[in-house]
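# Chain and residue survey
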Amino acid sequence: MKTSFKNALAATLITFAASTAGAQAVPNYAGIWEMNVAKSNFGQFPAPSKNIMTVEQTATSIKVSQVLSTPNGDITQHQEYGLDGKPTTGTGFGGATSTTIAKLDAAGLSSSTKVSTPQGELNQTSKWTLSADGKTLNVDQGMTSPMGVLAFHIVFDKKP
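Keep in mind that this is a model prediction, so the values were computed, not measured. (Residues numbered from 1 in each chain as written. Predicted model: local features only at pLDDT ≥ 70, side-chain atom pairs only at ≥ 80, totals over all residues. Heavy atoms only, no water.)

Okay, the pattern of salt bridges next. Oppositely charged side chains may form a pair once their charged atoms are brought near each other. Inspection of the entire model under this criterion finds two salt bridges. For the salt bridge of Lys159 with Glu34, the shortest nitrogen-to-oxygen distance reads 3.0 Å. Remark: Glu34 occurs in strand 1 (residues 31–35) and Lys159 occurs in the segment after strand 10 (148–158); sequence separation between them is 125 residues. Here Asp105 and Lys103 are joined by a salt bridge, their closest N and O atoms 3.5 Å apart. (Salt bridge = Lys/Arg side-chain N within 4 Å of Asp/Glu carboxyl O. Helix = DSSP H or I, 4+ residues; strand = E, 2+ residues; numbered from the N terminus.)

Quick look at the structure:
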């Protein structure tokens, strides 16, 4: 009887270990991130001279405060992404209404945002991926608007 109990316990532990071995933790983006201009690509547009993001992350949301320096002055943006797949409504650039759906998994943060402006609707997709050492954040963004399609690749370095 003891042998069959030990065998059953061992089988249960092996099954549990096998089922959790493939599970990967979601990336942790919390911290201060500074854009690496040399590694970023803004296509036909000039890169901002400064782009610093402060990210707060919980199990249910990611909050981003971002400061960009452009030839037209500094821009400060605040965004919050719910991570439950439900739409999050916010205020985009220039006071426009935005709706974002975000998902966080082991592969990274993916979001889709719709912004309603007087000029028409703007759709933005974003994919965040973190380097294995957690020190580099790659953000790939795509935008579609009445003015056309844009794509950006922004690289951020984590500040100590």
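Here we come to the environment of Thr76. Tracing the chain through its elements places Thr76 in strand 4 (residues 73–82). Distance in space between the C-alpha atoms of Thr76 and Ile52 is 9.7 Å, their sequence separation being 24 residues. If sequence neighbours within four positions are ignored, Thr76 has contacts with Gln66 and Val67. (Contact = heavy atoms within 4.5 Å.)

The 10 strands lie next to each other as 4-3-2-1-10-9-8-7-6-5, forming an open sheet whose pairing is antiparallel. Looking at which strands have only one partner, the edges of the open sheet turn out to be strand 4 and strand 5 (88–91). Shown here is a sheet whose adjacent strand axes are inclined to one another by a mean of 25°, direction ignored. As paired strands, strand 1 and strand 10 are joined by three bridges and run antiparallel to one another. Across the sheet, Trp33 pairs through a bridge with Lys158, a residue of strand 10. (Pairing = 2+ DSSP bridges. Axes fitted to C-alpha atoms, helices over the stretch in contact; angles between N-to-C directions.)

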